[in-house]
Amino acid sequence: SRRLIKTPSCIVVDDYDMTPQMERILKQAGKSIVKTKPTLEINLNHTLIKKIASEDNKEKLKILSNIIYKQALLVESGSIENPSLFVEELNSLLDT
C-alpha cells in the first residue's frame, strides 16, 4: 500500500461504497443498508506485517492476523464485534 506509512493496515471500500462507520450510523438511525465488503489493505513494510509473514506457529499467526484486522476496524469504525475476544487475543500474545 502506498497510503500506509506508520500503520500496519487499514480498511478501504470502493469509491461509491459506504464506510463501516457510515453503515453503523445509518443502521443506528433505523435505515436499511446494503452491506458492503471492505478490503483489508496492508503495509508490507510494517514490522508487525513482517512478523506475521515470518510466523511459523499457525495459532499465533491466526491471532496476529485477527488483531491486525480488528485494529483496522477500530480505526475505521470505532468498534469491533467482540471486544472481549480482541482483549483475550492481545493478552495471549503479551503473555508469551
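Quick caveat, the model's predicted, so the values are computed rather than measured.

A.B. asks: Report on the overall build of the protein chain, specifying residues and quantitative values.
C.D. replies: Assigned secondary structure in the protein chain consists of four helices and two strands. Starting at the N terminus, the α and β elements of the protein chain follow one another as β-α-β-α-α-α. Referenced to the eigenvectors of the C-alpha coordinate spread, the extents of the protein chain come out at roughly 45 × 30 × 20 Å. Buried residues in the protein chain amount to 27% of all 96 residues. Put simply, of all contacts in the protein chain between residues at least 6 apart along the chain, 56% involve residues at least 24 apart. Here the protein chain has roughly 7,300 Å² of accessible surface; of this, 54% comes from carbon and sulfur atoms.

A.B. asks: Describe the side chain of K70, and please don't skip the residues or the numbers.
C.D. replies: With respect to the secondary-structure elements, K70 resides in helix 3 (residues 58-77). Under the relative-accessibility criterion, K70 is labelled buried at 13%.

Criteria and cut-off values
Residues numbered from 1 in each chain as written. Predicted model: local features only at pLDDT ≥ 70, side-chain atom pairs only at ≥ 80, totals over all residues. Heavy atoms only, no water. Helix = DSSP H or I, 4+ residues; strand = E, 2+ residues; numbered from the N terminus. Buried < 20%, exposed > 50% of the residue type's maximum accessible area, 1.4 Å probe, protein only. Contact = heavy atoms within 4.5 Å. Areas by Shrake-Rupley, 256 points an atom, 1.4 Å probe, with all protein chains shown as cover.

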